[in-house]
Amino acid sequence: MGMSPTSKVLTGLSSIALAAAGFAAAAPAQADQPVSEFAGHTHPYRHGVVPTKEAAAGAAGKRTSNLHYGGGVDGIGVTTGTPKVYLVFWGSQWGTQGTDANGYTTLSGDPSGEAVRAQQLFKGLGTNGETWSGVMTQYCEGIASGSTSCPSTAAHVAYPTGGALAGVWVDTSSAAPGQATGNQLASEAVKAAGHFGNTTAASNRNVQYVVLSPTGTHPDGFNTPSGTFCAWHDWNGDTTLSGGAAPSPYGDVAFTNDPYVTDMGTSCGQNYVNSGSAGLLDGVTMVYGHEYSETITDQNPAGGWTDSTGYENADKCAWKGTGGVGGAQNVNFATGSFAMQGTWSNDYNGGAGGCQIAHPIVP
């Protein structure tokens, strides 16, 4: 059931070197800063990985080819039903749970407020007439492998009407590992499927589990010299996961490794769009949105949409600069304004392709 898609592993500056060199400023509007080719090819399970800004700089040619359909894995290519996102706050380190005035779960071990921001983001998707999600709806499944466009009759990626947030679970049954393996992350996602009652393959067909690790932890090496990334996604059956595939009695389970993004500061997007305190969580929403958009267009990697090098829709537009047609910028949902990055659109610019922050919703 596993596969060996093009590796997306980055090697970059060590944390010591980053501190010595300082962080690069945000690029100007629409600046071409393609995500670099991942060196080493040693972690093929890190699909759609968001590299740190420093690790991403310096390579060219990743924004010149359109995405193509991978033919599906286990019969799954894209998320065709209304997308559902379950947030899993993993580990006793998250602290005491509470509820704010708006009904969002708060956690005492969350110094930056990432938990509430994540809930606001996923609850806001598909509201306020937003068309950031529209970019993804042009992609589909059930077509010939290698196709770069979709007929109207194909099953397209669905729009998250009314919000994508389907549930929140704070799993404080034990401490989250200091450096969780891919297998452990996948196993936590499978455990969450059981917790939420999604105990059949059908109930997990249009679902993704976002596994959020607490501050100070290093899931899969995040925030270490060998882990110059901000997040990645995969599915439980990938045999290349560190520690091996994770068994699931509930069918295929798509999950994201979302570390505590603000632990990496500007390297993972802090103040990329907004200055001062308003930009503290810019990277959080850009990174979480990046992985969400890639999961719904490549749910069981790499059976969905990738380019010839294995890059997914958001990879091709990461750290592109701010503003314009496809740069990072604030997007308004019913739950607030969020810094979001653009994603790749095959049908942009007469079919030549390019990054877009908005797109008409494809029925």
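Residues numbered from 1 in each chain as written. Predicted model: local features only at pLDDT ≥ 70, side-chain atom pairs only at ≥ 80, totals over all residues. Heavy atoms only, no water.

J.: Explain the overall build of the chain to me, and be specific about the residues and the numbers.
T.: Within the chain one finds five helices and 16 strands. Pairs at least 24 residues apart make up 77% of the contacts formed inside the chain by residues separated by at least 6 positions. With the model as given, the accessible surface of the chain reaches about 12,000 Å², and the carbon-plus-sulfur share is 52%. (Helix = DSSP H or I, 4+ residues; strand = E, 2+ residues; numbered from the N terminus. Contact = heavy atoms within 4.5 Å. Areas by Shrake-Rupley, 256 points an atom, 1.4 Å probe, with all protein chains shown as cover.)

J.: Account for helix H4 (residues 182-195), with residues named and values stated.
T.: Over its 14 residues, H4 extends 20 Å from the first C-alpha to the last, a length consistent with the 20 Å expected when each residue adds 1.5 Å. What H4 keeps buried is the set Gly182, Asn183, Leu185, Ala186, Glu188, Ala189, Val190, Ala192 and Ala193. Check the buried side of H4 and you find it contacts strand E3 (84-90), strand E8 (165-171), strand E9 (207-212), strand E10 (229-235) and strand E11 (254-258). With its phi angle positive at about 80°, glycine 197 sits one or two positions after the end of H4. (Expected span 1.5 Å × (residues − 1). Buried < 20%, exposed > 50% of the residue type's maximum accessible area, 1.4 Å probe, protein only.)

J.: Could you give an account of the state of the cysteines, naming the residues involved and the relevant values?
T.: If you walk through the whole model with that rule in mind, you get three disulfides. There is a disulfide in this structure between cysteine 140 and cysteine 150, and the S-S distance comes to 2.1 Å. Taking the sign of the S-S torsion, -95° for the link of cysteine 140 and cysteine 150, the bridge is left-handed. Here cysteine 140, found in strand E6 (residues 140-141), pairs with cysteine 150, found in the loop between E6 and strand E7 (155-156); they are ten residues apart in sequence, far enough to count as distant. Through a disulfide, cysteine 230 is tied to cysteine 268; the S-S separation comes to 2.1 Å. As the torsion about the S-S bond is roughly -95°, the cysteine 230-cysteine 268 disulfide counts as left-handed. One end of the pair, cysteine 230, is in strand E10; the other, cysteine 268, is in the loop between E11 and helix H5 (282-297), with 38 residues separating them in the sequence. When sorted by exposure, cysteine 230 lands in the same class as cysteine 268, which is buried. (Disulfide = S-S within 2.5 Å.)

J.: How would you explain the sheet that holds E8 if you had to name every residue and give the values?
T.: In spatial order, the strands read E1-E10-E11-E9-E3-E8; together these six strands make up an open sheet with mixed pairing. Only two strands of the sheet have a single neighbouring strand rather than two, namely strand E1 (47-51) and E8. Taken over all neighbouring pairs, the strand axes of this sheet differ in orientation by 15° on average, direction set aside. Pairing between E3 and E9: six bridges, direction parallel. Within the sheet, the bridge partner assigned to phenylalanine 89 lies in E9 and is leucine 212. Across the face of the sheet, H5 comes into contact with E1, E3, E9, E10 and E11 while running at roughly 165° to E1. (Pairing = 2+ DSSP bridges. Axes fitted to C-alpha atoms, helices over the stretch in contact; angles between N-to-C directions.)

J.: Report on the packing of aromatic side chains, specifying residues and quantitative values.
T.: Applying the stated criterion to the full structure yields 13 aromatic pairs. Note on tyrosine 139 and tryptophan 305: the rings are 5.0 Å apart at their centroids and 50° apart in plane angle, and the pair reads as tilted. Here tyrosine 139 is found in the loop between helix H3 (114-124) and E6, whereas its partner tryptophan 305 is found in strand E12 (residues 305-306), with 166 residues between them in sequence. Of the residues examined, tyrosine 139 reaches a relative accessible area of 1% and is grouped as buried. (Phe/Tyr/Trp six-rings, centres within 6.5 Å; stacked < 30°, edge-to-face > 60°.)

J.: Just give me the short version of empty space enclosed by the protein, but keep the residues and values in it.
T.: This model, assessed by the stated rule, comprises two cavities of 30 Å³ or more. Taken as a whole, the second largest cavity encloses approximately 30 Å³ of empty space. Lining the second largest cavity we find Val50, Met286, Val287, Ala318, Trp319 and Gln341. For the lining of the second largest cavity, the class distribution of residues is five nonpolar, one polar and no charged. (1 Å grid on protein atoms, 1.4 Å probe; cavity = no way out; pocket = protein on both sides within 12 Å on 5 of 7 lines; lining within 4 Å. Points joined across faces, edges and corners; volume = space filled by probe spheres on them. Nonpolar A, V, L, I, M, F, W, Y, C, P; charged D, E, K, R; others polar.)

J.: An account of the packing of H3 against H5 is requested, with residue identities and associated values reported.
T.: Between H3 and H5, the least distance of the axes is 10 Å, while the angle of their chain directions is 45°. Judged by the inter-axis angle, H3 sits oblique to H5. As H3 packs across H5, the resulting crossing turns out to be right-handed. Note on element contacts: H5 touches H3 through Val284, Thr285, Tyr288, Gly289 and Tyr292, opposite Glu114, Arg117, Ala118, Leu121 and Phe122. (Parallel < 35°, antiparallel > 145°, perpendicular 65-115°, else oblique. Left-handed = near helix turned anticlockwise from the far one by under 90°.)

J.: Can you explain the pairing of E11? Please cite residues and give values.
T.: Buried residues dominate E11, accounting for five of its five residues. Going residue by residue along E11, you find Ala254, Thr256 and Asp258 tucked away on one face and Phe255 and Asn257 tucked away on the opposite face as well. The pairing of E9 with E11 spans five bridges and is parallel. Directly across from glutamine 208, in E11, lies its bridge partner alanine 254. The pairing of E10 with E11 spans four bridges and is antiparallel. Opposite tryptophan 232, over in E11, you have asparagine 257 as the bridge partner.

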